[in-house]
Amino acid sequence: MSYFPAKDKGPDRSLGILKDGYNFARKRLQKQHLDVYETKLLGERAALLGGEKGAELFYDNDKMKRGGAMPAFILKTLFGENGIQTMDGNPFEHRKRLFLSLMTPEALDRLFQITVEHWERASEVWEKKRKVVLYNEMLTLLMKVSCEWAGVPLKDKEVKKRADDFALMIDGFGSIGPKHLQSRKARQRSEQWFENLILDVREGKLEAQEGTAIFEMAMHRDLNGKHLDARMAAIELLNIVRPTVAVSKFITFGALAMEEFPGEKEKVAGSEDYLYYFAQEVRRFYPFVPYLPARTKKEFAWQGYNFSEGQLVLIDVYGNNHDPRIWEEPETFNPERFRNWNGGLFDLIPQGGGDYEKNHRCPGEWSTLEILKASFQYMAQHLEYKLPKQDLSYSLNKMPALPKDGFIMKSVKKK
Ligand code: HEM
């Protein structure tokens, strides 16, 4: 029996969350079948939320807000300051419609096609190489895909340099010391690059097609009818291009799943339905986003726990995707579980939960799935490769996680 409210006594656990990584909240919540657990993080009393009920509370806009929740070290690296992730209320909903407007069925079909074309081109190059590291290749491949889809001009000689900066933003935010500084600089360079392009579009120096992210970000007007500040538009354009490149991680994990779990590759190659279940299971099973923060708008009691006004709250994203109360045998990789899944708002939350328009749920879920389907289908149907001896393990203690050697392939052949 646990005492209530369940909480960590004693010192701040900020170092503990870095050490335990994806398991920090699970250890506390799931062991005791709880939806809320109090700990101390960054010098504050913080409530960890888990389970479908915990997620539902986290996405209750009457009780939670995003303003002031995200730590500055993440905003200065991964997300950018004052972007959509930190907005609330009507201005948020207006901005969110801008992002959602990019995800039309035509735009998503185009993304699928562009992704396949780049896999075809890349695999021709890989055939001539002794070995390739899939994760690194995906960063450059998706940099090209993402820019083409978003309408961002990208010269061949620029790809590596820009992709390296994106990798630093995606992987370096959680680091401390020099790597963190590099991540900040990478963000500044990328924001400047995009800001110049936004100005070029506005001044007619760069042609951009309606419906592309670059056009819509450049031309969007806020609730007062004003264009976004050019830097802000650049940050929001980065909020499209950067996470599209980050899909590299799921692709690498998917390649691992096709290798580790017998029969998966053949099933992915053979059925469009299965391809979708497989992509969903990759998003559920493998670790990516660990937690998301919010702050309470007011004082209230929930499940016997007293939240104070302005309290820091974290939802256990990875934990919910592995919660035995939600998923049967959560530690088994089983795409079939999605055959009869009814698409709950608070169960599968690798990219956030709740409502797309009213909550901060990722507007890129559909585009992520298109890229994953295109990539896994291509790998399963058209690519032969051997795996040299390597370390494919990943640690739940390191955030963000990735197979250690990045999935090295040799003797790659297109078929
Ligand atoms: C690698 C796969 C991806 C992961 C793991 C991921 C994850 C997430 C998560 C966890 C959130 C926050 C949800 C919340 O705060 O409640 C989010 C928000 C967001 N994502 Fe993604 N995402 C991915 C891909 C994408 C893609 C491909 C795009 C764009 C094409 C995108 C654009 C965004 C934007 C703009 C937001 C902010 C939404 C808001 O604040 O309302 N993401 N994503």
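Above this text is the structure in question.
All figures in this text were calculated on a predicted structure; none of them were measured in a lab. (Residues numbered from 1 in each chain as written. Predicted model: local features only at pLDDT ≥ 70, side-chain atom pairs only at ≥ 80, totals over all residues. Heavy atoms only, no water.)

Novice: Outline the overall build of the protein chain, listing residues and values.
Specialist: A tally of helices and strands in the protein chain yields 15 helices and ten strands. Here the protein chain has a C-alpha radius of gyration of 21 Å; the compact-globule value for 415 residues is 22 Å, and the two agree. Dimensions of the protein chain, computed from the C-alpha atoms along their principal axes, are close to 60 × 55 × 45 Å. A total of 415 residues make up the protein chain; the buried ones form 57% of that total. Sequence separation of at least 24 residues holds for 71% of the intrachain contacts in the protein chain that already meet a minimum separation of 6. Approximately 18500 Å² of the protein chain is accessible, and the part contributed by carbon and sulfur atoms is 51%. Looking at the protein chain, you have 63 positive and 59 negative side-chain charges, and the mean spots of the two groups are 6 Å apart. (Helix = DSSP H or I, 4+ residues; strand = E, 2+ residues; numbered from the N terminus. Rg over C-alpha atoms; globule rule 2.2 N^0.38 Å. Buried < 20%, exposed > 50% of the residue type's maximum accessible area, 1.4 Å probe, protein only. Contact = heavy atoms within 4.5 Å. Areas by Shrake-Rupley, 256 points an atom, 1.4 Å probe, with all protein chains shown as cover. Lys, Arg positive; Asp, Glu negative; His and termini not counted. Charge placed at Lys NZ, Arg CZ, Asp CG, Glu CD.)

Novice: Tell me about the coordination of the iron atom of the ligand, and please be specific about residues and values.
Specialist: A lone protein donor contacts the iron atom of the ligand, and this donor is C362 (SG), found at 2.3 Å. Its place among the elements puts C362 in the loop between α14 (317–321) and α15 (365–382). (Donors = N, O, S within 2.8 Å, 3.2 Å for Na, K, Ca; no water.)

Novice: I'd like to hear about helix α7 (residues 134–150), residue by residue, with values.
Specialist: Here α7 is 17 residues long and its end C-alpha atoms lie 23 Å apart, about the 24 Å a rise of 1.5 Å per residue gives. The element α7 is largely enclosed, with a buried count of 13 among its 17 residues. Positive backbone phi, approximately 85°, marks G151, located one or two places after α7. (Expected span 1.5 Å × (residues − 1).)

Novice: Before we move on, could you go through the site of the ligand and cite the residues and values that matter?
Specialist: Surrounding the ligand, one finds 28 residues, the nearest of these being Y59, R66, K96, H360 and C362. Between the ligand and the protein, one listed contact pairs an oxygen atom with a side-chain N or O atom of K96 at 2.9 Å. Separating a nitrogen atom of the ligand from a side-chain N or O atom of Q351 is a distance of 3.4 Å. Listing elements by their share of the shell around the ligand, those giving two or more residues are α5 (89–100), α11 (230–260) and α15. Ranked by residue count, the leading element in the shell around the ligand is α11, at seven residues. (Near = heavy atom within 4 Å. Polar contact = N/O pair within 3.5 Å; in protein donor to acceptor, adjacent residues only side chain to side chain.)

Novice: Help me get a handle on the packing of aromatic side chains, residues and values and all.
Specialist: Under the definition given, this model contains 26 aromatic pairs. On the basis of an interplanar angle of 5° and a centroid distance of 4.9 Å, the ring pair of F261 and F333 is categorised as stacked. With F261 in the loop between α11 and α12 (264–270) and F333 in the loop between α14 and α15, this pair connects stretches of sequence that are 72 residues apart. For F261, a relative accessible area of 23% puts it in the partly exposed group. Given a relative accessible area of 8%, F333 falls into the buried group. For the pair F338 and W341, a centre-to-centre distance of 5.3 Å together with 80° between the ring planes defines the contact as edge-to-face. Using a relative accessible area of 2% as the deciding quantity, one classes F338 as buried. Ring pairing ties together the aromatic residues F253, F261, F278, F285, Y286, F333, F376 and Y394, which thus form one cluster. Above the plane of the ring of F300 lies K63, whose end atom (NZ or CZ) is 5.5 Å from the centre. (Phe/Tyr/Trp six-rings, centres within 6.5 Å; stacked < 30°, edge-to-face > 60°. Lys NZ or Arg CZ within 6 Å of the ring centre and 35° of its normal.)

Novice: Give a detailed account of the packing of helix α6 (residues 105–127) against α15, specifying residues and quantitative values.
Specialist: One way to put it is that α6 packs onto α15 with a least axis distance of 9 Å and a crossing angle of 35°. Regarding α6 and α15, the two cross each other, and that crossing is right-handed. Contacts from L108, L111, F112, T115, V116, W119, E120 and S123 in α6 reach W366, S367, E370, I371, K373, A374, S375, Q377, Y378 and M379 in α15. Residues belonging to the contact of α6 with α15 are distributed by class as follows: ten nonpolar, five polar and three charged. (Axes fitted to C-alpha atoms, helices over the stretch in contact; angles between N-to-C directions. Left-handed = near helix turned anticlockwise from the far one by under 90°. Nonpolar A, V, L, I, M, F, W, Y, C, P; charged D, E, K, R; others polar.)

Novice: Go over the sheet that holds strand β2 (residues 44–49) with me, naming the residues and quoting the values.
Specialist: Taken in spatial order, the five strands make up an open sheet running β1-β2-β8-β5-β3, and their pairing is mixed. The open sheet has two free edges, formed respectively by β1 (36–41) and β3 (64–65), since each of these has just one partner strand. The sheet strands contacting helix α3 (residues 51–58) are β2, β3, β5 (291–296) and β8 (312–316), and the helix crosses β8 at an angle near 135°. (Pairing = 2+ DSSP bridges.)

Novice: Tell me about the packing of α7 against helix α8 (residues 156–172), and name the residues and values.
Specialist: Look at α7 against α8: their axes get within 9 Å of each other, and the N-to-C directions meet at 110°. By the angle class used here, α7 and α8 are roughly perpendicular. The interaxial crossing formed by α7 with α8 has right-handed handedness. Facing α7, whose interface residues are Y135, L139, T140, M143 and K144, α8 presents V159, R162, A163, F166, A167 and D171. (Parallel < 35°, antiparallel > 145°, perpendicular 65-115°, else oblique.)

Novice: Any details on the nonpolar core? Residues and values, ideally.
Specialist: Nonpolar side chains tend to gather and get buried jointly when the protein is soluble and globular. Within the largest apolar cluster, 98 residues are counted, with the highest numbers of intra-cluster contacts made by W119, W126, L134, F194, L237, I251 and F376. Not counting residues up to four positions away in its chain, the partners in contact with L134 are W119, W126, I251, T252, A255, M379, G406, F407 and M409. (Core = buried A, V, L, I, M, F, W, Y, C linked by side-chain atoms within 4.5 Å.)

Novice: Outline the sheet that holds strand β9 (residues 383–386), supporting the account with residue identities and numerical values.
Specialist: On the basis of which strands lie adjacent, the open sheet formed by three strands has the order β4-β10-β9 and antiparallel pairing. Each of the sheet's edge strands pairs with one partner strand only, and the pair in question is β4 (131–133) and β9. Across the sheet, the mean angle separating the axes of adjacent strands is 50° when strand polarity is ignored. Bridge analysis of β9 against strand β10 (residues 408–414) gives three bridges, and the strand direction is antiparallel. Looking at β10, one finds that L383 is bridged to K414. Strands β4 and β10 of the sheet are contacted by α7, whose axis makes an angle of about 70° with β4.

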